[in-house]
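# Observations on the model geometry
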Amino acid sequence: MGSIYLTNKKNVWCPGCGNFAILNALIKALERLNLKPESVVLVSGIGCHGRINQYVNVNSIHVIHGRVLPVATGIKISNNRLTVIGHAGDGDAYAIGLGHLPHAARRNVDLTYIIHNNMIFGLTTGQVTPTTPKGMRTRSTPYGNIENPLNPLLLALVSGATFVARGFAGDIKHLIYLFEEGIKHKGFAFIDVLQPCVTFYNTYSYFRERVYRLEETDYDYTSFKKAIAKATEWGERIPIGIFYKIRRETFEEQLFQLKDKPLVQQEIRINLEKVYKILS
Ligand SMILES: Cc1ncc(C[n+]2csc(CCOP(=O)(O)OP(=O)(O)O)c2C)c(N)n1
Ligand SMILES: [Mg+2]
């Protein structure tokens, strides 16, 4: 696939990994939105998913485990003209980095946060995560997982996210649509992607048999109550699509310091000599 948004780095994901669908959908969404590569910043966490920053030809930073959101928030505040997209794994986003999610959501920072949710620690070879189903045997739960999994969509909703969606790596067309809508959304766009891990938890057929697109029903994504109810639906049928979308003032829109121009274009008005004096 030739695209200005793709680097020529050799891809090392396992053949068939759900990450390929996420990468391809992102490239297609960037193409459709016609965003200049230099105007986009991709922030990725630690894990198999984290390598996505090497494959997408935009500005990018591969941060420490779980810290995608604080770094992405800092970038957006420093230069609010940039399009900032965060990629995290389920371990990254829902275990070590979970504390950042409610705050980014309630602040409504204008970011797109894409979770590669394979329900497993992929890179470290198959340990339990907060989204691993109960009862599942993993490398760290040889007798079966005794914990109840977290519902990330509910958490994003109650934290105040203004765009909450779920995608499936087995439905690229739909994923392109979700990424496009998420990136266009002004505010915090949370997109959890069901991403099969062909090596440690291959869920392609499980999800393929169950998922259905909300867009093909008469579902209304502007109702918070309906979104909460929809987010609890998980079983024989699993909804994918936009669960909730509303417009609310973003964090940056309320910062008077950004009214005229981004911080990076402003003169530094502090006396550095004084600062150095204090530091020393
Ligand atoms: C602070 C810290 N703790 C633990 C690790 C070890 N570690 C590397 S990747 C990873 C989990 C990866 O799982 P996930 O975020 O779901 O990404 P995936 O590999 O599944 O894409 C862990 C625990 C680390 N790199 N840094
Ligand atoms: Mg994972």
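In the block above lies the structure referred to throughout.
A brief structural summary. (Residues numbered from 1 in each chain as written. Chains lettered and ligands numbered in written order. Predicted model: local features only at pLDDT ≥ 70, side-chain atom pairs only at ≥ 80, totals over all residues. Heavy atoms only, no water.)

## Thoughts on the layout of surface pockets
Note the following rule: As defined here, a cavity is a set of points on a 1 Å grid over the protein atoms alone where a 1.4 Å probe fits but cannot get out. A pocket is an open set with protein on both sides within 12 Å along at least five of seven lines, and residues line them when an atom is within 4 Å of a point. Grid points are joined across faces, edges and corners, and a volume is the space filled by probe spheres set on the points. A run of DSSP states H or I qualifies as a helix once it reaches four residues; a run of E qualifies as a strand once it reaches two. Both are numbered from the N-terminal end. Amino acids are sorted into nonpolar (Ala, Val, Leu, Ile, Met, Phe, Trp, Tyr, Cys and Pro), charged (Asp, Glu, Lys and Arg) and polar (every other residue, Gly among them).
Estimates place the volume of the largest pocket at around 320 Å³. Considering the residues around the largest pocket, the lining is formed by 19 residues, among which Met119, Thr131, Pro149, Leu150 and Trp234 are closest to the centre. Secondary structure elements with two or more residues in the lining of the largest pocket: α6 (152–159), β6 (189–194) and α8 (204–210). Residue composition of the lining of the largest pocket, by class: 12 nonpolar, five polar and two charged.

## Details of the coordination of the magnesium ion (ligand 2)
Think of it this way: four donors in a tetrahedron around the metal ideally sit 109.5 degrees apart, and six in an octahedron ideally sit 90 or 180 degrees apart. What counts is decided by this rule: Donor criterion used throughout: N, O or S atom within 2.8 Å of the metal, extended to 3.2 Å for Na, K and Ca. Water excluded; incomplete-looking sites may result. Burial classification: accessible surface area is computed with a 1.4 Å probe over protein chains only, and a residue below 20% of its type maximum counts as buried, one above 50% as exposed, and the rest as partly exposed.
Summarising the metal site, the magnesium ion (ligand 2) is bound by the protein donors Asp90 (OD), Asn118 (OD1) and Ile120 (O), whose distances to it range over 2.0 to 2.1 Å. Going along the chain, you hit the donors of the magnesium ion (ligand 2) in the pattern D-x27-N-x1-I. Here aspartate 90 is found in helix α4 (residues 90–96), whereas its partner asparagine 118 is found in the loop between β4 (112–117) and α6, with 28 residues between them in sequence. Asparagine 118 gets classed as buried once you look at its relative accessible area, which sits at 7%.

## Focus on the nonpolar core
Filter applied, for reference: Within this scheme, the nonpolar core is defined by two criteria: the residues are buried Ala, Val, Leu, Ile, Met, Phe, Trp, Tyr or Cys, and they are joined through side-chain atoms within 4.5 Å.
Counting 33 residues, the largest nonpolar core has Val43, Tyr113, Val164, Phe188 and Phe190 as the members making the most contacts within it. Among the elements that make up this core, the one with the highest residue count is helix α3 (residues 68–78) (four residues). Judged by nonpolar contacts, the second largest core, of 32 residues, contains Leu26, Ala29, Phe163 and Val193.

## Remarks on the pairing of strand β1 (residues 40–44)
What counts, and what does not: Paired strands, as defined in this entry, are two strands with at least two bridges between them according to DSSP.
By the criterion of burial, β1 is predominantly enclosed, with five of the five residues buried. A two-sided burial pattern is seen for β1, the buried positions comprising Val40, Leu42 and Ser44 on one face and Val41 and Val43 on the other. Bridging between β1 and strand β3 (residues 83–89) involves five bridges; their strand directions are parallel. Paired with leucine 42 across the strands is isoleucine 85, a residue of β3. With four bridges joining them, β1 and strand β2 (residues 59–62) adopt parallel strand pairing. Considered in β2, the bridge of valine 41 is made with asparagine 59.

## As for the sheet that holds strand β8 (residues 238–245)
Keep this limit in mind: What counts as an axis is a line fitted to C-alpha atoms, over the stretch in contact for a helix, and the angles between N-to-C directions run from 0 to 180 degrees. Note on contacts: a residue pair is in contact if any heavy atoms of the two residues lie within 4.5 Å.
Within the open sheet, the eight strands sit side by side as β2-β1-β3-β4-β6-β5-β8-β7. Their pairing is mixed. Every other strand in the sheet has two partners, leaving β2 and β7 (211–213) as the edge strands with one partner each. When strand polarity is set aside, the average angle formed by the axes of neighbouring strands in this sheet is 20°. Relative to β8, strand β5 (residues 163–168) runs antiparallel, the two sharing four bridges. Across the sheet, phenylalanine 163 pairs through a bridge with lysine 245, a residue of β8. Across the sheet, helix α9 (residues 224–231) touches β7 and β8, and the angle it forms with β8 is around 155°.

## Focus on the environment of arginine 51
Residue position: arginine 51 is located in the loop between β1 and α2 (52–55). Overall, arginine 51 belongs to the partly exposed group, its relative accessible area being 31%. Remark: the alpha-carbon pair of arginine 51 and glutamate 180, spanning 129 residues in sequence, is separated by 21 Å. Excluding residues within four positions of it along the chain, arginine 51 makes contact with Val12 and Trp13.

## Observations concerning the site of ligand 1
Here is the rule: By convention in this text, a residue qualifies as near a molecule or strand provided that one of its non-hydrogen atoms is within 4 Å of it. Nitrogen and oxygen atoms within 3.5 Å of one another constitute a polar contact, given that in protein one can donate a hydrogen and the other can accept it, and given that sequence-neighbouring residues count only through two side-chain atoms. Areas reported as accessible are Shrake-Rupley estimates using a 1.4 Å probe. Residue values count occlusion only from the protein chains shown.
Every one of the 16 residues lining ligand 1 counts as a neighbour, but Cys48, Asp90, Gly91, Asp92 and Leu123 are closest to it. Between ligand 1 and histidine 49 there is a distance of 3.0 Å, counted from an oxygen atom to a side-chain nitrogen or oxygen. Asparagine 118 is positioned with one of its side-chain polar atoms (N or O) 2.9 Å from an oxygen atom of ligand 1. Protein coverage of the free-state accessible area of ligand 1, which is 590 Å², stands at 73%. A per-class count over the shell around ligand 1 returns six nonpolar, eight polar and two charged.

## Side note on the pattern of salt bridges
To be explicit about the condition: Any Lys or Arg side-chain nitrogen found within 4 Å of a carboxyl oxygen on Asp or Glu counts as a salt bridge.
Within this structure, the stated rule accounts for 11 salt bridges. Taking the shortest distance from any N to any O, the salt bridge between lysine 76 and aspartate 110 comes out at 3.7 Å. Separated by 34 residues along the polypeptide, lysine 76 in helix α3 and aspartate 110 in the loop between α5 (101–107) and β4 bring together distant segments of the chain. Across this residue pair, the class does not change: lysine 76 and aspartate 110 are buried. Across the salt bridge formed by aspartate 171 and arginine 213, the nearest N and O atoms sit 2.9 Å from each other. One end of the pair, aspartate 171, is in the loop between β5 and α7 (172–184); the other, arginine 213, is in strand β7, and 42 residues separate them in sequence. With a relative accessible area of 26%, arginine 213 lands in the partly exposed category.

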